[in-house]
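What follows is the residue order along each chain.
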2 protein chains.
Amino acid sequence: MSDTNAVEVLAPGPLPAGLMDAFWAYDRALLGNDVPALDSSFARGADTLRADGSGVVVGHRAISEFRAARTAIPNRRVVRVHVRLPADGVALIVAEVVSPAGAPGLQTQLWQRGADGWRVGVAHVTAPARPLDGTVWRVLGAPLVPGRDAGPLRGLTFAVKDLFAVAGHAVGAGVAGYLAQARVRTEHAHAVGVLLEAGASIAGIAQTDEFAYSVHGRGGRQGTPDNPAAPGRLPGGSTSGPAVAVARGEVAFGLGTDTAGSIRVPGSYQGLWGIRTTTGAIGTEGLLPLAPSFDTVGWLAGDGGTLLAVAEALLPEDARTGHAEPAGHAELVTVPALNSQADREIAEAVAGTADALGATALEVAWDLDSWYAAFRTVQGWEAWRAHGAWIAANPGALSADVAARFDRAARITDEEHASARRELADASEAIRTAVQDRFLLLPATPTGPPPAAGIGPEALAVIRDRTLRLTCLASLAGLPALTVPAAKPAGMPTGMPLGRASGLPVGLGLVGPPGSDRALIRFALSATATAAGRSPHAQEEHP
Amino acid sequence: MSDTNAVEVLAPGPLPAGLMDAFWAYDRALLGNDVPALDSSFARGADTLRADGSGVVVGHRAISEFRAARTAIPNRRVVRVHVRLPADGVALIVAEVVSPAGAPGLQTQLWQRGADGWRVGVAHVTAPARPLDGTVWRVLGAPLVPGRDAGPLRGLTFAVKDLFAVAGHAVGAGVAGYLAQARVRTEHAHAVGVLLEAGASIAGIAQTDEFAYSVHGRGGRQGTPDNPAAPGRLPGGSTSGPAVAVARGEVAFGLGTDTAGSIRVPGSYQGLWGIRTTTGAIGTEGLLPLAPSFDTVGWLAGDGGTLLAVAEALLPEDARTGHAEPAGHAELVTVPALNSQADREIAEAVAGTADALGATALEVAWDLDSWYAAFRTVQGWEAWRAHGAWIAANPGALSADVAARFDRAARITDEEHASARRELADASEAIRTAVQDRFLLLPATPTGPPPAAGIGPEALAVIRDRTLRLTCLASLAGLPALTVPAAKPAGMPTGMPLGRASGLPVGLGLVGPPGSDRALIRFALSATATAAGRSPHAQEEHP
């Protein structure tokens, strides 16, 4: 193609002065990710709207924040422009764009002429299609592995975190160099086999943070997935791929793991339901370890009913999790000292829910800093034993932050490890004694999802530490832990992005005694049905 | 979710009378695929525009035809509506929708109030995302199989038609029941292995018509892919999945097969470059047969350069295809008796190109009907030998039309087969004698892509017969055959949908003597460079 710069402009009549200049200035700003120029292309005010397939952002300031936070800079060029002029000073432009690979996309903008020239009031973007979003998926099938043509989960598809063995595939663990050397597995991991036998089908193998040793979901070489519930924000990890696949409505549930929060963090950041199961309740055969003392199987879903259906299939029946246990009868406690770890709005959401559900406040004297340090020591010591040899033999294979974490883990001495493990035994005892057979309500995470860009490693490390200090409690005590979306307005369907217009997602956490996994989910289902309010917005019945 | 009917309507001020009624009437019509109601929702006139990620349709009539032809009825519901009112009688509506699976989508409409109420002037749809388009892909990876980290095709990804063995995967041949019983292959098919060694990576395994025994691309149980170059039209087959993946810009090239036109038909229908290679030039080890006497390896790409690069990797060097042969020096002939088989516009496009390139008209006395009947007989006889046993043992596994074709094939006697094969030998001799060492220009297909819906099986059978009568000529003579897009306006990039606004794609065919595969591509590259015209539309330089 010799004339790649030629762009057709198709309009029913003469174009108003300045319109195309404004359009091209906007396009240049987009390609250069020139946030100030983009800000000035958009109309000031609360009604300005920017939308794409993963969400709607409303208001000039929110759009500006979205642009500043996102990592992906659009890489496409305009090839044809359709202009419509419905009124004086109003233009609608539909621009056909194409990615470097040749994939087509669309951009529609409502332009309005004000005192300071043409400005965008509404923008709708259809990004050029990727055949596979490699930040979310490593392999996808239609399905990849069909489930048994019977069973309680028949018809449901799920994403498998790239830590579980899937027969016919290697385990990649989010590390390209590891995948390249990994053997093709001949048997499914235990949890995978049980789910297939229950009738669920594997849609594909989804991405994880490198060796699952992160809670932000930034990913390795494959890049960072978008957070469908909070455009421009991190998705949370390490079960990042399965969570995003659920939040996008691509699968019914996502199978993952939770060592220190790897289910609960993406669940909280993306407005999903997620469970970390009681340590040891589900076999970890065929699961790549991170820290075996804390590694548990978990899963995420867009609604509590699906979460429960998977629990019924995966969790062994025992007296403590018996089907007969009535929902909603467990006593609820809350620990103000934990709630105060969270950002104000989250602490308020937890306190409000605690009030609404009549939770008893529990005063405790837990040394969170010391416990977290001990947890980090034992986790790091085990993680290095799981992966240190490979990492040492393959320098440069990991991202800087995960590599640094393993590097610190490599230097933990056996004495430090033994001492930390003793402290964790005491901590576990303290937590179990406090919780008894009750359910503990707490923030699932102390913050909302951090921005995907424009935030430094130190600031991210602070958020990580604040997060793990809370989430490690269930892990070190071996307890089941749930995250449940708190701020989902009524009428918002499963998987629907919350978007900036409705605020960032907030996850409520629930921790129960060992084996109470299913009862926890039933309790949350019952509690959310009770607490469901109405959105403050005007409602219109779908005719 | 108890209140699934609640829809938020967010507007900066009071809504004008009748707007939301018109919006909901349109939405009901969409969900019911009520074409007359949709027609009346859209503004009459040539400027009305409807666009989605796969193309733009301009004009009320073209939009109506698009709606009537497409098979896919949108299945989603509106959950939130944003209204903007830039001028009196003008409204922009951005509707957030969600698929039954919970995947979010967007619809933006420009509404204008006329004498007869509110009508849509522009509509932009972002369909809820599917993680994998199962009509195009069976398995996808990031990549599925990496190519060697060196070689001439390094960095290119390709789609593999689901007839070639890919180690670690079974061959499905577009038939779900066949796939379920198929063994996982341990070695790559010859052509797949050569391409990986040349540095190209497998993006995934793409769909085919059932056992490749169709040229329409309607697919089996997996459904019919959209034609990215002609919304609402069939994509052509049997190499349907790889072709659509190329046309969408998802891969650099698609590896397929051509027995009777299975590369050339989708190439022509989708505005792609495609080659059927000289019979026997590329080994078919690891390729599921349809009719081994005619089965050839072929591929499709968005541009001639990529087509040639793959040819350099896959085709053995020999004297007749030597690198040294200069492009554009071959003598070109055309056969008016073949051109007249095509629809008028296509015949005119071929005649125009023949004139422009100084082709010599060739008078021949070829009995196309008899040759086609003989070809069909031999093809059917071989196809039954390849797949009859499995088909007989698995009744109901195939779509009605392909099943009927195999059923007829099953009844071909050995005598009919022997007689037909003798006739084909004479036909091959006649064609080779006429073509000599020259290149034959002909229509790649006699028609454009048929509508995907609203066309009966008899009408499709007529198009199929007309198509194969032309495309079987290269097949029965074992000659290489190219399809090259004829109607691509200047400035339109690779993979860009042509859309209705610019007319349906038209493929020019080129057939050469045995072994002239690469020379054919070079000739076409040189000829299209010579013939490239300018679009009649206004051009604007991208600043």
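Right above here is the structure, for reference.
The structure contained in this document is the topic of the report that follows. Predicted model only: the values in this text are computed from it and were never measured.

**Quick notes on the overall build of chain A**
Looking only at helices and strands, chain A features 15 helices and 19 strands. Taken against the 2.2 N^0.38 rule, which gives 24 Å for 543 residues, the C-alpha radius of gyration of chain A at 24 Å falls within 12% of a compact globule. Its C-alpha atoms put chain A at 75 × 55 × 50 Å along the principal axes. For chain A, buried positions account for 61% of its 543 residues. Once local pairs closer than 6 in sequence are excluded, the contacts in chain A between residues at least 24 apart make up 74%. Carbon and sulfur atoms provide 52% of the accessible area of chain A, an area that totals close to 18,800 Å². Charge centroids of chain A, computed over 44 positive and 52 negative side chains, lie 4 Å from each other.

**Remarks on the pattern of salt bridges**
Tallied over the entire structure, the rule returns 48 salt bridges over all chains. Between A:Asp27 and A:Arg76 there is a salt bridge, with its nearest N and O atoms 2.6 Å apart. Of the two residues, A:Asp27 sits in helix H1 (residues 19-31) while A:Arg76 sits in the loop between helix H3 (60-69) and strand S4 (77-87), which places them 49 residues apart along the sequence. Here the two residues A:Asp27 and A:Arg76 agree in accessibility, since each one is buried. With its nearest N and O atoms 2.9 Å apart, the salt bridge here joins B:Arg264 to B:Asp258. Comparing B:Arg264 with B:Asp258, the two get one shared label, buried. The structure contains a network of salt bridges with shared partners spanning A:Glu8, A:Arg80 and A:Glu96.

**Considering the packing of helix H11 (residues 368-393) of chain A against helix H12 (residues 400-410) of chain A**
Residues and elements named next belong to chain A. Taken N-terminus to C-terminus, the directions of H11 and H12 make an angle of 110 degrees; their axes are 9 Å apart at the nearest point. As the angle between them shows, H11 and H12 are arranged roughly perpendicular. Remark: the crossing between H11 and H12 carries left-handed chirality. Contacts between H11 and H12 pair Gly-380, Ala-383, Trp-384, His-387 and Ile-391 from the former with Phe-406, Ala-409 and Ala-410 from the latter. The class makeup of the residues in the contact of H11 with H12 is six nonpolar, two polar and no charged.

**Comments concerning the pairing of strand S12 (residues 273-276) of chain B**
Residues and elements named next belong to chain B. Residues Trp-273 and Ile-275 of S12 are buried on one face, and the alternating residues Gly-274 and Arg-276, pointing to the opposite face, are buried as well. The pairing of S12 with strand S13 (residues 296-301) spans four bridges and is classified as antiparallel. Within S13, the position partnered with Gly-274 by the bridge is Leu-300. Here S12 runs beside strand S17 (residues 481-485); their pairing, made up of three bridges, is antiparallel. Of the residues in S17, the one forming a bridge with Gly-274 is Thr-483.

**Overview of the packing of aromatic side chains**
Residue and element names in this part refer to chain B. One pass over the structure, following the stated rule, counts 26 aromatic pairs over all chains. For the pair Tyr-213 and Phe-406, a centre-to-centre distance of 4.8 Å together with 70 degrees between the ring planes defines the contact as edge-to-face. Note that Tyr-213 is positioned in the loop between strand S10 (201-206) and helix H6 (240-247) and Phe-406 in helix H12 (residues 400-410), a separation of 193 residues in sequence. Comparing Tyr-213 with Phe-406 shows no difference in burial state: the two are buried.

**A few points about the nonpolar core**
The biggest cluster of nonpolar side chains holds 137 residues, and the ones touching the most others in it are A:Phe211, A:Trp299, B:Phe211 and B:Trp299. Filtering out sequence-adjacent residues up to four positions away, A:Phe211 remains in contact with A:Ala173, A:Val175, A:Tyr178, A:Leu288, A:Leu290, A:His387, A:Trp390, A:Ile391, A:Leu398 and A:Phe406.

**Description of the packing of helix H11 (residues 368-393) of chain B against helix H13 (residues 414-435) of chain B**
Residue and element names in this part refer to chain B. Where H11 meets H13, the axes come as close as 8 Å, and the angle between the chain directions of the two elements is 130 degrees. It follows from the interaxial angle that H11 and H13 lie oblique. When you trace H11 past H13, the crossing you get is left-handed. Contact residues: H11 offers Ser-370, Trp-371, Ala-374, Phe-375, Thr-377, Val-378, Trp-381, Glu-382 and Arg-385, while H13 offers Asp-414, Glu-416, His-417, Ala-420, Arg-421, Glu-423, Leu-424, Ala-427, Ala-430 and Ile-431.

**Here we look at H6(B)**
Residue and element names in this part refer to chain B. For H6, the buried fraction is high: eight of the eight residues fall into the buried class. Looking only at H6, the buried set comprises Ser-240, Gly-241, Pro-242, Ala-243, Val-244, Ala-245, Val-246 and Ala-247. If you follow the buried residues of H6, they end up packed against strand S8 (137-145), strand S9 (157-161), S10, strand S11 (253-258), helix H7 (264-269) and S13. Gly-249, located one to two residues past H6, shows a positive phi value of around 75 degrees.

**As for the side chain of A:Arg464**
Along the chain, A:Arg464 turns up in helix H14 (residues 457-477). Within the buried set, A:Arg464 has no salt-bridge partner at all; the shortest N-O distance to an opposite charge, 4.8 Å, is to A:Asp465.

**What about unusual backbone geometry?**
The omega torsion across A:Gly237 and A:Ser238 is 5 degrees, close enough to zero to call that bond cis. Note that A:Ser238 resides in the loop between strand S10 (201-206) and helix H6 (240-247). Here the bond from B:Ala142 into B:Pro143 is cis, since omega is -5 degrees, no more than 30 degrees from zero. Examined against the element boundaries, B:Pro143 turns out to sit in strand S8. Positive phi is not limited to glycine here, since A:Ala173 has a value of about 55 degrees. Mapped onto the elements, A:Ala173 comes out in the loop between strand S9 (157-161) and helix H4 (176-181). The class for A:Ala173 is buried, based on a relative accessible area of 0%. The phi dihedral of A:Gln436 is positive, around 55 degrees, even though this residue is not glycine. On the secondary structure map, A:Gln436 appears in the loop between helix H13 (414-435) and strand S16 (439-443). Overall, the relative accessible area of 47% leaves A:Gln436 in the partly exposed class.

Criteria and thresholds
- The numbering scheme is per chain: residues are counted from 1 as the chain's sequence reads.
- Working convention: letters from A go to chains and numbers from 1 go to ligands, in the order in which they are written.
- Side-chain atom pairs in this predicted model are given and counted only at pLDDT of 80 or more, local residue features only at pLDDT of at least 70, and totals for whole chains, interfaces and linings cover all residues.
- For the side-chain quantities, the full set of heavy atoms in the structure was used; hydrogens and water were omitted.
- Per the convention used, a helix needs a DSSP run of H or I reaching at least four residues, while a strand needs a run of E reaching at least two, with both numbered from the N terminus.
- It is over C-alpha atoms that the radius of gyration is taken, and the globule rule equals 2.2 Å times the number of residues to the power 0.38.
- Buried residues are those whose accessible area, probed at 1.4 Å on protein chains only, stays under 20% of the maximum for their type, while exposed residues exceed 50% and partly exposed ones sit between those limits.
- Here, residues are in contact when the closest pair of their heavy atoms is within 4.5 Å.
- What sets the accessible areas is the Shrake-Rupley method with a 1.4 Å probe; for residues, cover comes only from the shown protein chains.
- Charge assignment: positive for Lys and Arg, negative for Asp and Glu; neither His nor the chain ends contribute.
- Here the site of a charge means NZ on Lys, CZ on Arg, CG on Asp, or CD on Glu.
- In the sections that follow, a salt bridge refers to a side-chain nitrogen of Lys or Arg positioned within 4 Å of a carboxyl oxygen of Asp or Glu.
- In this analysis, axes come from line fits to C-alpha atoms, helices being fitted only over the stretch in contact, and the angle between any two N-to-C directions falls in the range 0 to 180 degrees.
- What sets the label is the angle itself: under 35 degrees gives roughly parallel, over 145 gives roughly antiparallel, 65 to 115 gives roughly perpendicular, and the rest give oblique.
- When the near helix sits turned anticlockwise from the far one by under a right angle, the crossing is termed left-handed; a clockwise turn instead gives a right-handed crossing.
- Note on residue classes: Ala, Val, Leu, Ile, Met, Phe, Trp, Tyr, Cys and Pro are nonpolar, Asp, Glu, Lys and Arg are charged, and everything else, Gly too, is polar.
- At least two bridges found by DSSP between two strands are what make those strands a pair.
- The rule is short: rings of Phe, Tyr and Trp, with Trp giving its six-membered ring, pair when the centres are within 6.5 Å, and they are stacked under 30 degrees, edge-to-face over 60, tilted in between.
- We call a set of buried residues a nonpolar core when its members are Ala, Val, Leu, Ile, Met, Phe, Trp, Tyr or Cys and they connect through side-chain atoms within 4.5 Å of each other.

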